[in-house]
Amino acid sequence: MKGFTVALLLWTLISPSCRGGGGGGAWPTHMACSDSGLEVLYQSCDPLQDFGFSIEKCSKELKPKVNIRFGIILREDIKELFLDLALMAKGSSVLNFSYPICEEALPKFSFCGRRKGEQIYYAGPVNNPGIEIPQGEYQVLLELYTEKRSTVACANATIICS
Ligand SMILES: *[C@@H]1O[C@H](CO)[C@@H](O)[C@H](O)[C@H]1NC(C)=O
Ligand SMILES: *[C@@H]1O[C@H](CO)[C@@H](O)[C@H](O)[C@H]1NC(C)=O
C-alpha cells in the first residue's frame, strides 16, 4: 500500500497538471483503501488534474482519528480552503456536509496558506465522527475550494461496505 501510494503521488506530481485540449476522457479510478470489508475508490472530477489520496488502515468502524495521505499541485492559493461533501446511497441524497479546512484565523493544517503552483503532500491524522459504516454501497462527491469559490480538487468516490 505504501509503495503504491508513493508511486501514485510521484506520478501525480510529475504528470503535467494540464492534460491539454481534446478532453481525453476521465481520470483513472484509484483505490484509497481496501481492508476487511471496506473498499474506497475515487476518481478525480477536476478536468485539469488528478491527485493522490489514501487512507491508512481503513475499517468499517471508522475511528475518530484516521491517518490519510494526500498529494496535489495547487491550482489556487489556499489562504482559505473548504470541503463540501455529498453522500448518496442508491441514488438518493443522504447527507450534505461542509467543513472549513483552512481559515485565516484558524489554519488547522500545515499546508494552509500555500500558494498556487506549489505541491502539497500531507500525511497525518484527520478527525471525523467515529461511526460504524452501515453495510451498503455509497457514492460520495467531494470538492475542495477556496474563499473565491475556485476549485482546488474534486473527486467522486464509491464506498463499498460489505
Ligand atoms: C465517478 O463518476 C463517474 C461518472 O458518473 C462514474 O462512471 C465513476 O464510476 C465514478 N467513480 C467512482 C470511483 O465512484
Ligand atoms: C444535498 O444537496 C443537494 C444539492 O444541493 C440536494 O438536492 C439534496 O436534497 C441535499 N440533501 C440533503 C440530505 O439535504
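The coordinates are above.
All of these numbers come straight from a predicted model, not from anything done at the bench. (Residues numbered from 1 in each chain as written. Chains lettered and ligands numbered in written order. Predicted model: local features only at pLDDT ≥ 70, side-chain atom pairs only at ≥ 80, totals over all residues.)

Peer 1: Hey, could you run me through the overall build of the protein chain in this one?
Peer 2: For the protein chain, the helix and strand inventory stands at one helix and 10 strands. Its helices and strands taken in sequence order, the protein chain reads α-β-β-β-β-β-β-β-β-β-β from the N to the C terminus. When each of the 162 residues of the protein chain is scored for burial, the buried share is 19%. For the protein chain, contacts bridging at least 24 residues in sequence account for 58% of all contacts bridging at least 6. (Helix = DSSP H or I, 4+ residues; strand = E, 2+ residues; numbered from the N terminus. Buried ≥ 20, exposed ≤ 12 C-beta atoms within 10 Å, placed from the backbone. Contact = placed C-beta atoms within 7 Å.)

Peer 1: What is the right way to look at the nonpolar core in this model?
Peer 2: Counting residues in each nonpolar core, the largest one holds 20 residues, and the members touching the most others are V40, Y42, I72, V152 and A153. Contributions of two or more residues to this core are made by β2 (38–44), β3 (52–55), β4 (65–73) and β10 (151–161). Examining the composition of this core, we find that five residues originate from one element, β10, more than from any other. Residues in contact with V152, not counting those within four places in the same chain, are L74, R75, E76, I78, L81, L144, Y145 and T146. (Core = buried A, V, L, I, M, F, W, Y, C linked by C-beta atoms within 7 Å.)

Peer 1: Sorry, what's going on with the site of ligand 2 here?
Peer 2: Every residue close to ligand 2 is listed here: A86, S93, L95 and N96. Among the elements that make up the shell around ligand 2, the one with the highest residue count is strand β6 (residues 92–103) (three residues). Counted by class, the shell around ligand 2 contains two nonpolar, two polar and no charged residues. (Near = placed C-beta within 6 Å. Nonpolar A, V, L, I, M, F, W, Y, C, P; charged D, E, K, R; others polar.)

Peer 1: Quick question: what am I supposed to make of the site of ligand 1 here?
Peer 2: Every residue near ligand 1 is listed here: T29, L41, Y42, Q43, N156, A157 and T158. For the shell around ligand 1, the elements supplying multiple residues, two or more each, are β2 and β10.

Peer 1: In this structure, what is going on with the sheet that holds strand β5 (residues 81–89)? I would like to understand it.
Peer 2: In sheet architecture, strand pairing relies on hydrogen bonds along the backbone and comes in two forms, parallel and antiparallel. Reading across from one edge, β1-β2-β10-β9-β5-β6-β7 is the order of the seven strands in this open sheet, with antiparallel pairing throughout. The open sheet has two edge strands with one neighbour each: β1 (30–35) and β7 (106–107). With nine bridges joining them, β5 and strand β9 (residues 136–146) adopt antiparallel strand pairing. Note on β9: the bridge partner recorded for L83 is L144. (Pairing = 2+ DSSP bridges.)

Peer 1: Would you take a moment to explain the sheet that holds β4 for this structure?
Peer 2: Read across the sheet, three strands follow the order β3-β4-β8 without closing on themselves; strand pairing throughout is antiparallel. This sheet does not close on itself; its edge strands, each paired only once, are β3 and β8 (119–127). When the angles between neighbouring strand axes are averaged without regard to direction, this sheet yields 10°. Summarising the sheet, β3 and β4 pair through four bridges and their orientation is antiparallel. The partner of S54 across the bridge, within β4, is R69. (Axes fitted to C-alpha atoms, helices over the stretch in contact; angles between N-to-C directions.)

Peer 1: What should I look at first to understand the environment of E137 in this one?
Peer 2: Along the chain, E137 turns up in strand β9. Once residues within four sequence positions are removed from consideration, E137 is found in contact with T158 and I160.

Peer 1: Would you mind showing me how to read the environment of V40 here?
Peer 2: With respect to the helices, strands and loops of the structure, V40 is situated in strand β2. Residue classification places V40 among the buried residues on the basis of 21 C-beta atoms within 10 Å. Through-space distance from the C-alpha of V40 to that of Y138 is 9.5 Å; in sequence the pair is 98 residues apart. With sequence-adjacent residues up to four places away left out, V40 is seen in contact with A32, C33, I55, C58, A157 and I159.

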